[in-house]
Structure formats: C-alpha cells, structure tokens
Amino acid sequence: MAKLPDMTKHRGFPYAMPGTGIQFVIRRANPKGATPIKALPRHARPGSGAHRIDAAFLHALWHHFGAEPFERGNLDAARLNLLFGREVMAVEKDFDPVSYEALLVINERVARQSFPESFEDIFEV
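A few points on the structure. Source: prediction; values computed, not measured. Sequence order as written defines the numbering, with residues in each chain counted from 1. The model is predicted, so local features are restricted to residues of pLDDT at least 70 and side-chain atom pairs to those at 80 or more, both for listing and for counting; the totals for chains, interfaces and linings are taken over all residues. Hydrogens and water are ignored here; the side-chain numbers use all heavy atoms of the structure.

Another aspect to go through is the nonpolar core. Nonpolar core, defined: a set of buried Ala, Val, Leu, Ile, Met, Phe, Trp, Tyr and Cys residues in which side-chain atoms within 4.5 Å join the residues together. Categorising residues by exposure relies on relative accessible area from a 1.4 Å probe, with only protein chains included: less than 20% of the type maximum marks a residue as buried, more than 50% marks it as exposed, and the intermediate range marks it as partly exposed. Phe13, Leu58, Leu61, Phe70 and Leu75 are the most contacted members of the largest nonpolar core, which totals 29 residues. At the level of elements, α1 (49-65), α2 (77-83) and β3 (103-106) are the ones that each hand at least two residues to this core. In this text, helices come from DSSP runs of H or I with a minimum length of four residues, and strands from runs of E with a minimum of two, each type numbered from the N-terminal end. Residue contributions to this core peak at nine residues, all from α1.

Here you go:
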C-alpha cells in the first residue's frame, strides 16, 4: 500500500451530522492527493435540509476553531467547498487547494449573516 500523505486529524471535531449520513471529516488521507478546495455554488435556501447541514458544519467549525486560522486536515472537502470563498476563506495568498496543510479561517461577518444559528451555543439537529 502506498504511503498516505500527512494529514492533521482534528480530534474532538464531530464526525458527522447526527441522524444523517453526511460526514464532516474523513478517516484517512487520499493516497492520490487531497480533493481540491474550491468555491461551489450553494443552492440551499434557509430552512432547507441542505442549509441545516451547512449550518451544522459551520457551527462545528466555529465552536472548534473560533476566529483562529485552522488547517484543512481531515475536514471533508465537500462540506468545505460549499462554504469556501464566502464563510470560509484561505489565510495565505499562495493557497494550495490540494494541500491537507492549507490554512483556512472563518469570515465571521459573512458567516454570521448567512448562518446566524451557527453561532449559538447549542445547535438543535
């Protein structure tokens, strides 16, 4: 088996959204390389199931990392891509979208407008 790339595992970060099959983290690095992080259009309307999943993921990000930069690590690319470029931004100018070590940060102003429920102490699933 090929050697897996190094990948930070965010201990204590929720594995998935409870009651769904939607994962928030991956178990192991992809031997072919990380899935690229890129901004994807988000079509979910507030109150929809997809919006709740994005809000729950942002809630987990905020309550785990706060306003501090964090490594992409084992965070799920599909979830990040729906927030990237809006609520989650690259920290570095020379951002590498296929690096598990890429630094990200929550754009708190935009995130609070898009997902105010994510900043509550408790997120009801």
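Here we have three strands laid out as an open sheet, ordered β1-β3-β2, and antiparallel in their pairing. Lying at the two open borders of the sheet, with one neighbouring strand each, are β1 (70-71) and β2 (88-90). Strands pair, by our definition, only if DSSP identifies at least two bridges between them. Of the strand pairs in this sheet, β2 and β3 are connected by three bridges, and their pairing is antiparallel. Considered in β3, the bridge of Met89 is made with Val105.

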